[in-house]
Every structure is written in C-alpha cells, then in structure tokens.
There are 2 protein chains.
Amino acid sequence: MHRTKIAVAEDALGANETIARANREDFDRAGVAVINLMSAPGAGKTTLLERSLGDLDGVRAGVLEGDVQGSLDADRIAALHVPVTQLNTDAGFGGECHLDANMVRSAIPSVPLDELDLLVIENVGNLVCPAEFRVGEDARVMVCSVTEGEDKPLKYPLMFRACELVVINKLDLLPHLEFDLERLLVNLDAVHPEAERMLVSARTGEGVEAWREWLAAVPERVGAPA
Amino acid sequence: MHRTKIAVAEDALGANETIARANREDFDRAGVAVINLMSAPGAGKTTLLERSLGDLDGVRAGVLEGDVQGSLDADRIAALHVPVTQLNTDAGFGGECHLDANMVRSAIPSVPLDELDLLVIENVGNLVCPAEFRVGEDARVMVCSVTEGEDKPLKYPLMFRACELVVINKLDLLPHLEFDLERLLVNLDAVHPEAERMLVSARTGEGVEAWREWLAAVPERVGAPA
C-alpha cells in the first residue's frame, strides 16, 4: 500500500507543478507578485497581516485565505478593507491539509488581480504538506511562533527549507517561556542557513515595520528583470 | 484532478481501516490499551508525557513516537526509562503529515507489547490529517495550546470531533495572552459538546494530576467488557 501511495503522490506533484506554472503566468500577466504564507496553526499569520496590509506604502495588497472550514480569518482581513477571497479545502476527505495549485487555480477568477500589486496566499496551518505544493507564488514565507519550541526546524525541515523568509513571532511572550532563541536560530541554520529571518511581535507591533517594508518591496523585487 | 484525488483518498481510507483493525487485534491480544495523541506542532504533547508517564500507578506505559524526521521527542521520553519506539514518516514525499495504520503496523514488531499495559502513539504535529486515519487505537486525545487562539475548534472541526478528550495546555501563559478561555470552550461545544476537557499546564504541573489519573485508568476502562 505504501509504495502505491508514494507513486500517486509523485503524479500529483507533477500535475501540481504544471498547474502552478499556469497560475504563475496568470499572476505575471496581471503584474501581481504572490506570497505563499505558511505556518503551524495559531502561529499568528492573520494577526501579522492585520498589522501590515492596511498600509503598504501604496502597494495594493489582497489576500487569498485558505482554511479547512469557515471564514474567520477572511472576515478579519475584510475588516481592513483589503480585498479577500476565501478558499475552503473541506471538499476533500475531511478537509485538505494544504492548498495546492489546482485549488488556487479554482479561486483565481474570484481574485481581483487587476486591482492588486501583491497577493498574499494564507495557507492552511500545517508545517508539513503546504511546503510540498507550489501554487504559483514568487516567494514562500513562514511564521514560526516562539511558543512552539526551538526544535521545529529539525522536526519539520522541509518547511523551513522551502521558505526564503522565516518570521519569528510572539516575541512579547519570551519573558514568560523557557525558550532559547539562540537555539532556534542555530537549528534554523542547520537546515537553511540562507533563510532571511525577522523577529516580531504581531501583537505589540515590535519588529513589524521591517516585515511591512519587506512585504511592500516584493512587487518591485519580483518585477525587476532577473 | 480533484475528483481523481478524492477517489484515491477514499480507497486509502478503506485500506487504512482494514489495517487499523489488524493493529487493534494485535493490541487486544497483547492486552495493551492504545491512545492516539494528537495536536498542532509545539502544543506540548511530549512535555505532557514527560510529566506523566514516569508514574502511572503501576500501569506500564510505552510510547510510539511519530515524527517527520529526527528523534528529539523519543530521546526525551527514553530519558524517563519508558520504552519508546521511533517512527519517522519522511519515507513519503517530503514527509507524511500524519501516521496511518500501515506505518503503525510496520512499527509494531519493535514495540515490546508484552511489557506494556498502555501504549501512547504520539502523532505528527498537525490538526488536519491525523484525525482522518485511525491506527488501531482505543481512544483519541488532543492537546490544544491556549497560545493557538480560541478559533481552532471552528477551523479544524474534524480533529476536535475525533477526540474524546481535549487537553487544554499552557494555562500558565494565560495572564500574558489576549485569550478568552470561555470562548474556546464555547467553540469546542459548537463542534463536539460531548468531548471531555482538561485544563493543564504541563510546564508548571497544574492540572496534570487529573490527566495522569485519566491515562492510568485507560487500560482498565478499555479492558472491561463493553
């Protein structure tokens, strides 16, 4: 059974790449830069977006919200008057644990690409499968909360390797945790030394300015000739 | 593509049920009660086990550790002189995001069932897929950290519905969070009103005695005629 399963998975990944490329062409044609934002459940992706998307130095941002069920996060983003499209994954068996290129493809007609410079795709909270499925993005970013422990890069290396930026969130809780930030960074170096990293507290706003600047610079960076 | 994928998934779930029953027969034959312990990454499953497995009122406990990669958690459990078997899921494409019955089946020969009354299977940190795959367990338990936010039962309803006990962890952080415990419980009631719930801090030990008693009572509860 296991061998069969792996074979099916590889076929699915091949199809996924093909569809991701088609998404990418649509995004490029519309001149929209795309971020795939990932994390474990409750790491603070939506709060980070709430803190930053309302004012991106003139960059027009929209969000595609991936959730197994419900529209809680989309409602939070919509309150900022940022265009948001909800994509629920629960049509799969009990709910897909990640977005794939085809799910994103099905949502593209509902995204007002002409009105955007930047689309943030907020993936399902999960540190495994989202890293395996490109959706047509220009950059992958993960949010990692200090409440999750220092060992996560070693336990979920693919996710940490897949992302060019790791946003370390909930810094405000550090005084109340037995958490060794140095050790997290050493563990991150062990699996992805080139990863950019930012220290933030989405709740207090600490460090969020650097994230906002990084995000606002994505369209120009991506649009520039390679 | 989506339809094909769902069909394959349903076949896989059917095969999984068959293998889960075979596991269950092996566990029953050995007189071992089995818990499937699930949570998001970093919710504190291992710390909770560290706090409780060393002294279970004479109940002989062992652990099967599921991780994408590495043996960090298994090493922590082994330090308690509790028998532990490591099961890594990274043979799949980039790492499976859950344990399934076949993975557990492959590990059974390495588990000293004859020396155990209780086996805790610590699943991969993920709030989606682990809930979909029975592995031959008697009871499913999840750990939910207050740092993850109150909305999680609404966003990952299958996981909260699958578990008969929800252990709400990291209570010691409540004074430092904007977290409404009442709202979490209301949300849990909305998806699974019958779920038993426990409030603990695995770090300070608050509430852990109730968990230890619950765990120690599982073999007798399970072994009793229905």
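Student: Even after reading the chapter, I still don't get the overall build of chain A, so can you show me in this structure?
Tutor: The secondary structure content of chain A amounts to 8 helices and 7 strands. Taking 17 Å as the expected radius of gyration for a compact globule of 226 residues, we find that chain A reaches 17 Å, a close match to that expectation. For chain A, the proportion of its 226 residues judged to be buried stands at 59%. Relative to all contacts within chain A whose residues are 6 or more apart in sequence, the contacts with residues 24 or more apart total 75%. Of the roughly 8700 Å² of accessible surface on chain A, a fraction of 50% belongs to carbon and sulfur atoms. Side chains of chain A give 21 positive and 38 negative charges; the mean places of these two sets differ by 4 Å.

Student: Quick question: what am I supposed to make of the sheet that holds strand β3 (residues 84-88) of chain A here?
Tutor: In a beta sheet, neighbouring strands pair by backbone hydrogen bonds and run either parallel or antiparallel. All names here are of chain A. If you trace the 7 strands from one edge of the open sheet to the other, you get β3-β2-β4-β1-β5-β6-β7, paired in parallel fashion. The outermost strands of the open sheet, each flanked by one partner alone, are β3 and β7 (196-199). Strand after strand, the sheet turns through a mean of 20° between neighbouring axes, direction not considered. In this sheet, strand β6 (residues 165-169) lies alongside strand β5 (residues 139-145) in parallel orientation, the contact comprising 5 bridges. Bridge pairing links V143 to V167 in β6.

Student: When you look at the sheet that holds strand β3 (residues 84-88) of chain B in this model, what are you seeing that I'm missing?
Tutor: All names here are of chain B. The strand order across the open sheet formed by 7 strands is β3-β2-β4-β1-β5-β6-β7, and the pairing between neighbours is parallel. Either end of the sheet is taken by a strand with one partner, and the two such strands are β3 and β7 (196-199). Direction aside, neighbouring strands of the sheet carry axes that sit 20° apart on average. As paired elements, strand β2 (residues 61-67) and β3 share 5 bridges and run parallel to each other. Paired with L64 across the two strands is T85, which belongs to β3. Along the sheet face, helix α8 (residues 208-223) touches β1 (33-39), β4 (118-122), β5 (139-145), β6 (165-169) and β7 and points at about 140° away from the line of β1.

Student: Which parts of the structure should I look at to understand the packing of aromatic side chains?
Tutor: Aromatic ring pairs are defined here through the distance separating the ring centres and the angle between the ring planes. Residues and elements named next belong to chain A. Overall, the coordinates contain 2 aromatic pairs over all chains when judged by the stated rule. On the numbers, 6.0 Å between centres and 10° between planes, the contact of W211 with W214 is stacked. You can see W211 and its partner W214 sitting in helix α8 (residues 208-223), 3 residues apart, about one turn around the helix. The residues W211 and W214 share a single accessibility class, namely buried.

Student: Honestly, the pairing of strand β1 (residues 33-39) of chain A in this entry has me stumped. Any pointers?
Tutor: Regular strands place their side chains on alternate faces of the sheet. All names here are of chain A. Along β1, 7 of the 7 residues are buried, which leaves the element largely enclosed by surrounding structure. In this sheet, strand β4 (residues 118-122) lies alongside β1 in parallel orientation, the contact comprising 5 bridges. Paired with A33 across the strands is L118, a residue of β4. Two strands pair when backbone bridges link them, and β1 and β5 are joined in this way by 5 bridges, in the parallel orientation.

Student: Is there a simple way to think about the confidence of the model for chain A in this case?
Tutor: One rule of thumb: low pLDDT means the predicted coordinates there are not for detailed reading. Residues and elements named next belong to chain A. Confidence in the prediction of chain A, expressed as mean pLDDT, is 92, and 92% of residues score 70 or more. Low pLDDT (under 50) marks residues 1-5, which in the prediction has 10 contacts with non-local residues, meaning those over four places away or in another chain. Model confidence for the complex is summarised by a pTM of 0.91, with the ipTM given as 0.89.

Student: So what exactly am I meant to see when it comes to the packing of helix α2 (residues 45-52) of chain B against α8(B) here?
Tutor: Angle between the axes and distance between the axes: these two values describe a pair of packed helices. All names here are of chain B. Relative orientation of the contacting elements α2 and α8 amounts to 80°, with a least axis distance of 10 Å. By the angle between their directions, the pair α2 and α8 is classed as roughly perpendicular. Together, L48, L49, R51 and S52 of α2 and V208, W211, R212 and L215 of α8 make up the contact between the two elements. Of the residues that constitute the contact of α2 with α8, the class distribution is 5 nonpolar, 1 polar and 2 charged.

Student: Can you walk me through the pairing of strand β2 (residues 61-67) of chain A in this structure?
Tutor: All names here are of chain A. Counting buried residues along β2, 7 of its 7 residues qualify, which places the element largely inside the surrounding structure. Residues A61, V63, E65 and D67 of β2 are buried on one face, and the alternating residues G62, L64 and G66, pointing to the opposite face, are buried as well. Summarising the sheet, β2 and β4 pair through 5 bridges and their orientation is parallel. Across the sheet, the residue bridging to E65 is E122, located in β4.

Student: So what exactly am I meant to see when it comes to the nonpolar core here?
Tutor: Across soluble globular proteins, you tend to see nonpolar side chains buried next to one another. By size, the foremost hydrophobic cluster in this structure holds 58 residues, and its most contacted members are A:M142, A:V166, B:M142 and B:V166. If you list the elements that add at least two residues to this core, you get β5, α6 (157-162), β6 and α7 (181-191) of chain A together with β5, α6 (157-162), β6 and α7 (181-191) of chain B.

Student: Looking at this structure, how should I read the side chain of A:E65?
Tutor: Along the polypeptide, A:E65 turns up in strand β2. It turns out A:E65 is buried and unbridged, and the closest side chain with the opposite charge, B:K155, is 6.1 Å from it. Here A:E65 is in contact with A:T46, A:D73, A:A74, A:I77, A:V84, A:T85, A:Q86, A:L87 and A:E122, once residues within four sequence places are set aside.

Student: Mind showing me how you'd approach the pattern of salt bridges here?
Tutor: Here the idea is simple: oppositely charged side chains can pair when their charged atoms come close. Residue and element names in this part refer to chain B. Scanning the model with the defined rule gives 36 salt bridges over all chains in all. Its salt-bridge partner being R134, residue E137 comes within 3.8 Å of it at the nearest N-O pair. Of the residues examined, E137 reaches a relative accessible area of 2% and is grouped as buried. Measuring nitrogen to oxygen at the nearest pair gives 2.2 Å for the salt bridge that ties E209 to R212. With a gap of 3 residues between them, E209 and R212 both fall in helix α8, about one helical turn apart. Assessed through its relative accessible area of 19%, R212 is described here as buried.

Rules of the game
- Residues numbered from 1 in each chain as written.
- Chains lettered and ligands numbered in written order.
- Predicted model: local features only at pLDDT ≥ 70, side-chain atom pairs only at ≥ 80, totals over all residues.
- Heavy atoms only, no water.
- Helix = DSSP H or I, 4+ residues; strand = E, 2+ residues; numbered from the N terminus.
- Rg over C-alpha atoms; globule rule 2.2 N^0.38 Å.
- Buried < 20%, exposed > 50% of the residue type's maximum accessible area, 1.4 Å probe, protein only.
- Contact = heavy atoms within 4.5 Å.
- Areas by Shrake-Rupley, 256 points an atom, 1.4 Å probe, with all protein chains shown as cover.
- Lys, Arg positive; Asp, Glu negative; His and termini not counted.
- Charge placed at Lys NZ, Arg CZ, Asp CG, Glu CD.
- Pairing = 2+ DSSP bridges.
- Axes fitted to C-alpha atoms, helices over the stretch in contact; angles between N-to-C directions.
- Phe/Tyr/Trp six-rings, centres within 6.5 Å; stacked < 30°, edge-to-face > 60°.
- pLDDT = per-residue confidence, 0-100.
- Parallel < 35°, antiparallel > 145°, perpendicular 65-115°, else oblique.
- Nonpolar A, V, L, I, M, F, W, Y, C, P; charged D, E, K, R; others polar.
- Core = buried A, V, L, I, M, F, W, Y, C linked by side-chain atoms within 4.5 Å.
- Salt bridge = Lys/Arg side-chain N within 4 Å of Asp/Glu carboxyl O.

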